[in-house]
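# Structure assessment
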Amino acid sequence: MDSATAPNVQPPKSTQARNSRSSLTPSVSSLTDEQRAEIEDARYELETALVAFLTRVKEGGLKALGRNPSSGDLVQDFRRYAWRVIQAKARDKVAAATSADEVSTIVYGCINRTVATICRQNGTWRLAVRRAAHAVDFGLWPGKHGLYGPSSVSHPKRLQLTALLHIDARKLIATFRPQMGKPVAKENPSVQFPRRAEWARAELYKRNWDAARVHRESKLDPKTIRRILKGDRVGESSLIAFIDALSKARNSSHLTRADVPDE
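Residues numbered from 1 in each chain as written. Predicted model: local features only at pLDDT ≥ 70, side-chain atom pairs only at ≥ 80, totals over all residues. Heavy atoms only, no water.

## Description of the overall build of the chain
In plain terms, the rule: Only DSSP runs of H or I covering at least 4 residues are called helices, and only runs of E covering at least 2 are called strands; the numbering of each starts at the N terminus. Between buried and exposed lies partly exposed: a residue is buried under 20% and exposed over 50% of the maximum accessible area for its type, with that area taken using a 1.4 Å probe on protein chains only. All accessible-area figures derive from a Shrake-Rupley calculation using a 1.4 Å probe, and residue coverage is judged against the displayed protein chains alone.
Helix and strand counts for the chain stand at nine helices and two strands. Within the chain, the fraction of its 263 residues that count as buried is 43%. Of the roughly 14,800 Å² of accessible surface on the chain, 51% is carried by carbon and sulfur atoms.

Below, the structure written as structure tokens:
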């Protein structure tokens, strides 16, 4: 399907003012734990890629670029992130679809909403760049081609990003077969520690933290952090590291093992 003939599915307009507690994670009110974990993993990989790019630039990468860095250098990183978000959010609907037209509507609609979230004011693009710049102390630098800094890569390339995602969408739609429309049985193991998972997510929310911030403060493996947030069993040492990381937050009370629910 050509992008020019793709359904013009517009994201719904919000009827309320946006909450000031902006997050890199898309709205998660209707997402499953599995979807949230996939998106969290995608965001962690995005931030890691941005940190690596800014580190290379800071350490002399301009010679390889032959110019100052720009937002265009980050488009492929945001493309990979956006497509993983789209796959996580649309996979079940695509699996239940009965026609290529239905898949097209689902996927292109998800692209519109995801790109809007990434490119809006204080959206994923600007917040991710800001976090990565802080992580590598990437300030304002004089270069052969003039001054550059975080603002040089903070302007979302919305049209370019959308065009690349349309290419990914056409590949997906081209592989659709009628038998794919049958619902696929999925394993849904019961959560071992639902109250612990609820407590952990609430503690992150109170601090305006995410799993990537916990990883930076604790050095825990991202998969272990996701297991805690999902309520899966982890070792005691991992729980202690998680608690200690939360206790590092500014104006936060010190947490102990006794604060963690065991159910």
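## Structural notes on the pattern of salt bridges
As a reminder of what qualifies: A carboxyl oxygen of Asp or Glu within 4 Å of a side-chain nitrogen of Lys or Arg is what we treat as a salt bridge.
Within this structure, the stated rule accounts for 17 salt bridges. Across the pair Arg131 and Glu47 runs a salt bridge whose closest N-O atoms are separated by 3.7 Å. Separated by 84 residues along the polypeptide, Arg131 in helix H4 (residues 124-135) and Glu47 in helix H1 (residues 33-65) bring together distant segments of the chain.

## Quick look at the confidence of the model for the chain
Let me state the cut-off plainly: Here pLDDT means the predictor's own confidence in every residue, given as a number from 0 to 100. Pairs of residues are marked as contacts when any of their non-hydrogen atoms sit within 4.5 Å.
When pLDDT is averaged across the chain, the result is 77; 77% of the residues are at 70 or more. Residue range residues 1-28 is modelled with pLDDT below 50. Its contacts to residues more than four positions away, or to other chains, number 47 contacts. In the predicted structure, residues 179-188 sits below a pLDDT of 50 and forms 12 contacts with residues beyond four places in sequence or in another chain.

## Examining unusual backbone geometry
Phi is positive for Asn122, close to 55 degrees, though the residue is something other than glycine. Residue position: Asn122 is located in the loop between helix H3 (100-119) and H4. If you check the backbone angles, Lys219 has positive phi at about 65 degrees while not being a glycine. Within the secondary structure, Lys219 sits in the loop between helix H7 (211-218) and helix H8 (222-230).

## Details of the environment of Leu54
Assignment of secondary structure puts Leu54 in helix H1. Residue Leu54 is classed as buried on the basis of its relative accessible area, which comes to 3%. Between the C-alpha atom of Leu54 and that of Val153, which follows or precedes it by 99 residues, the distance is 9.6 Å. The contacts of Leu54, once residues within four sequence positions are left out, are Val129, Ala132, Ala133, Val136, Phe138 and Val153.

## Notes on the packing of helix H6 (residues 194-207) against H8
Using the following cut-off: As a rule, the C-alpha atoms of each element are fitted with a line to give its axis, helices using only the stretch in contact, and angles between N-to-C directions run from 0 to 180 degrees. Here roughly perpendicular refers to angles of 65 to 115 degrees, roughly parallel to angles under 35, roughly antiparallel to angles over 145, and oblique to all remaining angles. Think of it as three bins: nonpolar holds Ala, Val, Leu, Ile, Met, Phe, Trp, Tyr, Cys and Pro, charged holds Asp, Glu, Lys and Arg, and polar takes everything else, Gly as well.
It is the contact of H6 with H8, at a shortest axis distance of 6 Å, that shows an interaxial angle of 115 degrees. The orientation of H6 relative to H8 falls into the category roughly perpendicular. Contacts between H6 and H8 involve Ala197, Ala200, Arg201 and Leu204 from the former and Ile228, Leu229 and Lys230 from the latter. The residue inventory of the contact of H6 with H8, partitioned by class, reads five nonpolar, no polar and two charged.

## Thoughts on the nonpolar core
The condition that has to hold: Buried Ala, Val, Leu, Ile, Met, Phe, Trp, Tyr and Cys residues form a nonpolar core when they are joined through side-chain atoms within 4.5 Å.
The biggest cluster of nonpolar side chains holds 43 residues, and the ones touching the most others in it are Leu50, Leu54, Leu74, Phe78, Ile111, Ile118 and Leu165. Where this core is concerned, the elements lending two or more residues are H1, helix H2 (75-96), H3, H4 and helix H5 (158-174). Among the elements that take part in this core, H2 stands out by supplying 10 residues, more than any other. Ala200, Leu204, Ile225 and Ile228 belong to the second largest nonpolar core, which has 19 residues in total.

## Some words on the packing of aromatic side chains
Our working definition: The criterion for an aromatic pair is that two Phe, Tyr or Trp rings (for Trp, the six-membered ring) have centres within 6.5 Å, with stacked assigned to planes under 30 degrees apart, edge-to-face to planes over 60 apart and tilted to the rest. Two conditions define a charge located above a ring, namely a distance within 6 Å from the ring centre to NZ of Lys or CZ of Arg, and an angle within 35 degrees of the ring normal.
All chains considered together, the criterion is met by one aromatic pair. Considering the side-chain rings of Phe78 and Trp125, the 4.1 Å spacing of their centres and the 5 degrees angle between planes classify their relative orientation as stacked. Of this pair, Phe78 sits in helix H2 while Trp125 is found in helix H4, placing the two residues 47 residues apart along the sequence. Taking the relative accessible area as the measure of exposure, Trp125 reaches 0% and is therefore buried. The ring of Phe193 is capped by Arg196, whose NZ or CZ atom sits 4.1 Å from the centre of that ring.

## Overview of the packing of H3 against H5
Stated formally: By definition, turning the near helix anticlockwise from the far helix through less than a right angle yields a left-handed crossing, and turning it clockwise yields a right-handed one.
With their axes 10 Å apart at the nearest point, H3 and H5 run at an angle of 155 degrees to one another. As summarised for this structure, H3 and H5 are arranged roughly antiparallel, according to the angle between their axes. Note that H3 runs across H5; the crossing there is right-handed. When H3 is examined against H5, the residues Ala100, Val103, Ser104, Val107, Tyr108, Ile111, Val115, Ala116, Ile118 and Cys119 are found in contact with a partner set consisting of Arg158, Leu161, Thr162, Leu165, His166, Ala169, Arg170, Leu172 and Ile173. Considering only residue class, the contact of H3 with H5 consists of 14 nonpolar, three polar and two charged.

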